[in-house]
Amino acid sequence: MSSQNQTGSRRARSVKITGLALIGALGLTGCSEAAKYGWLPSTPGTTTDSDEIIQLWVNSWIAALAIGVLTWGLIIWCIVAYRRRRNETGFPRQITYNLPLEILYVTIPIFMVMVFFYFTDTEQRQITDRADNPDVIIDVRGKQWSWDFNYVKANKYDAGMQAHLDGEEGAAETLPTLYLPVDQTVELRLNSRDVIHSFWVPAFLQKRDMFPGKTNYVTVTPTREGTFDGKCAELCGEYHSEMLFRVKVVDQAEFEQHLSTLESGYLGDEYDRDSYPQEKE
Ligand SMILES: [Cu+2]
């Protein structure tokens, strides 16, 4: 066999292997439901924002991967095409100060960043916009290491019990539970009683920090009934890992029924830890 034929068959084989690997990878991804949503802890239809957040996430990955594949391809092509040949000595021809090329590889990344920025910014504004007239307002107070929920319009409160570490895992039923009515716009007013916490319901794909002395807002309209996990996402001390809660998205009747079981009143600033003399003075 001539050396040319040998190189040809080797190339054909490597093309075949690469093709099979690609088809296999695509097949695996196609089968998996999780892959379809970019392995996010949510599925479409959980809140009015969740579908677009999932789309932004998945499309960003596709764009990033396409750019990645193109870049890796060009790198590998350069390595192979411009490798040192036998009987070649010294440095290859040096090409510098190629102005058109330099302008090209400055403008392309700027353009890519602008496209990513545009889509992220549009989406983020839509998510963080506060509703003019929320159906339900809940003042959420993070505290080491639990949560208080004030249902503002109904003047009802639910005070979470501080976590106790006794070596036994806490039962889900004992966790403080935030009730939300399905298909209604909810404004969560996030406050902290002591240190920085972070309000996170993974299934809602939204997370926001809670600072002492400052109120942050999350506006959410849950569209699927069910029970979801919530947790503090900011390391806030010894029992941070126990600072858990649950979210129950229920119909209006069940929501009202739950409110009727709660005490009337409002647990406001007066229960904050008195440790911010600079603000209290
Ligand atoms: Cu915390």
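Residues numbered from 1 in each chain as written. Predicted model: local features only at pLDDT ≥ 70, side-chain atom pairs only at ≥ 80, totals over all residues. Heavy atoms only, no water.

S.K.: I tried to follow the overall build of the protein chain on my own but got confused; where do I start?
M.R.: Looking only at helices and strands, the protein chain features 6 helices and 11 strands. Sorting the 281 residues of the protein chain into buried and exposed places 32% on the buried side. Of all intrachain contacts in the protein chain linking residues separated by at least 6 positions in sequence, the fraction that spans at least 24 positions is 69%. Surface summary for the protein chain: the accessible area is close to 18800 Å², and the carbon and sulfur share equals 59%. (Helix = DSSP H or I, 4+ residues; strand = E, 2+ residues; numbered from the N terminus. Buried < 20%, exposed > 50% of the residue type's maximum accessible area, 1.4 Å probe, protein only. Contact = heavy atoms within 4.5 Å. Areas by Shrake-Rupley, 256 points an atom, 1.4 Å probe, with all protein chains shown as cover.)

S.K.: Please explain the sheet that holds strand β2 (residues 146-151) as it appears in this structure.
M.R.: Either a parallel or an antiparallel arrangement is found when strands of a sheet pair, and the pairing is made through backbone hydrogen bonds. Strand order in this open sheet of 6 strands is β8-β5-β1-β2-β3-β11, and the pairing throughout is mixed. Each of the sheet's edge strands pairs with one partner strand only, and the pair in question is β8 (216-220) and β11 (263-264). Note: strand β1 (residues 136-143) against strand β5 (residues 186-192), 7 bridges, orientation parallel. Paired with Val136 across the two strands is Val186, which belongs to β5. (Pairing = 2+ DSSP bridges.)

S.K.: Sorry, what's going on with the coordination of the copper ion here?
M.R.: Angles at a metal have ideal values that depend on geometry: 109.5 degrees with four tetrahedral donors, 90 or 180 degrees with six octahedral donors. Around the copper ion, the protein contributes the donor atoms His197 (ND1), Cys232 (SG), Cys236 (SG) and Met243 (SD), at 2.1 to 2.6 Å from the metal centre. Considering all 4 donor atoms around the copper ion, angles at the metal cover 89 to 125° and the coordination shape is tetrahedral. (Donors = N, O, S within 2.8 Å, 3.2 Å for Na, K, Ca; no water. Tetrahedral: all angles 85-135°; square planar, octahedral: opposite > 155°, others 65-115°.)

S.K.: Would you mind showing me how to read unusual backbone geometry here?
M.R.: Comment: phi is negative for the bulk of residues other than glycine, and the bulk of peptide bonds are trans. Cis geometry marks the peptide bond from Gln144 to Trp145; its omega dihedral reads 0°. Here Trp145 lies in the loop between β1 and β2. Despite not being glycine, Asn87 shows a phi value in the positive range, around 50°. With respect to the element layout, Asn87 can be found in the loop between α3 (50-81) and α4 (99-128). If you check the backbone angles, Tyr97 has positive phi at about 55° while not being a glycine.

S.K.: For this particular structure, what's the right way to read the nonpolar core?
M.R.: Inside soluble globular proteins, nonpolar side chains tend to come together where they are buried. Core analysis: the largest hydrophobic core is formed by 32 residues, its most contacted members being Ile138, Leu188 and Phe199. With 4 residues, strand β10 (residues 244-250) is the largest single contributor of residues to this core. Other than its neighbours up to four places away in sequence, Leu188 contacts Ile138, Val140, Leu178, Phe199, Asn216, Tyr217, Val218 and Val220. The next biggest cluster of nonpolar side chains, apart from the first, holds 6 residues, and it includes Tyr37, Ile54, Val58 and Ile127. (Core = buried A, V, L, I, M, F, W, Y, C linked by side-chain atoms within 4.5 Å.)

S.K.: When you look at a negative patch on the surface in this model, what are you seeing that I'm missing?
M.R.: On the surface, a cluster of negative charge is contributed by Asp183, Glu225, Asp251 and Glu254. Position of Asp183 relative to the elements: it lies in the loop between β4 (177-181) and β5. Assessed through its relative accessible area of 53%, Asp183 is described here as exposed. (Patch = residues over 30% accessible without salt bridge, like charges linked within 9 Å, V, L, I, M, F, W, Y side chains within 5 Å. Salt bridge = Lys/Arg side-chain N within 4 Å of Asp/Glu carboxyl O. Lys, Arg positive; Asp, Glu negative; His and termini not counted. Charge placed at Lys NZ, Arg CZ, Asp CG, Glu CD.)

S.K.: Can you help me understand the pairing of strand β6 (residues 197-201) in this one?
M.R.: Along any regular strand, the residues point their side chains to alternate faces of the sheet. Burial runs high along β6: 4 of the 5 residues are buried. Alignment of β6 against strand β7 (residues 206-210), held across 5 bridges, turns out to be antiparallel. When the bridges of β7 are listed, Ser198 appears paired with Asp209. Relative to strand β9 (residues 226-232), β6 runs antiparallel, the two sharing 2 bridges. Bridge pairing links Trp200 to Lys231 in β9.

S.K.: How should a nonpolar patch on the surface be read in this particular structure?
M.R.: On the surface, Leu65, Val69, Trp72, Ile75, Ile76, Ile79 and Val80 cluster together into a nonpolar patch covering about 710 Å² of accessible area. Within the secondary structure, Ile75 sits in helix α3.

S.K.: I tried to follow the sheet that holds β6 on my own but got confused; where do I start?
M.R.: Spatially, 5 strands are ordered β4-β10-β9-β6-β7 in an open sheet, and the strand pairing comes out mixed. Each having just a single partner strand, β4 and β7 make up the two edges of the open sheet. Strand after strand, the sheet turns through a mean of 20° between neighbouring axes, direction not considered. Bridge analysis of β9 against β10 gives 6 bridges, and the strand direction is antiparallel. Paired with Asp229 across the bridge in β10 is Arg246. The strands that helix α5 (residues 252-260) touches are β4 and β10; relative to β4, the one it contacts most, it runs at about 140°. (Axes fitted to C-alpha atoms, helices over the stretch in contact; angles between N-to-C directions.)

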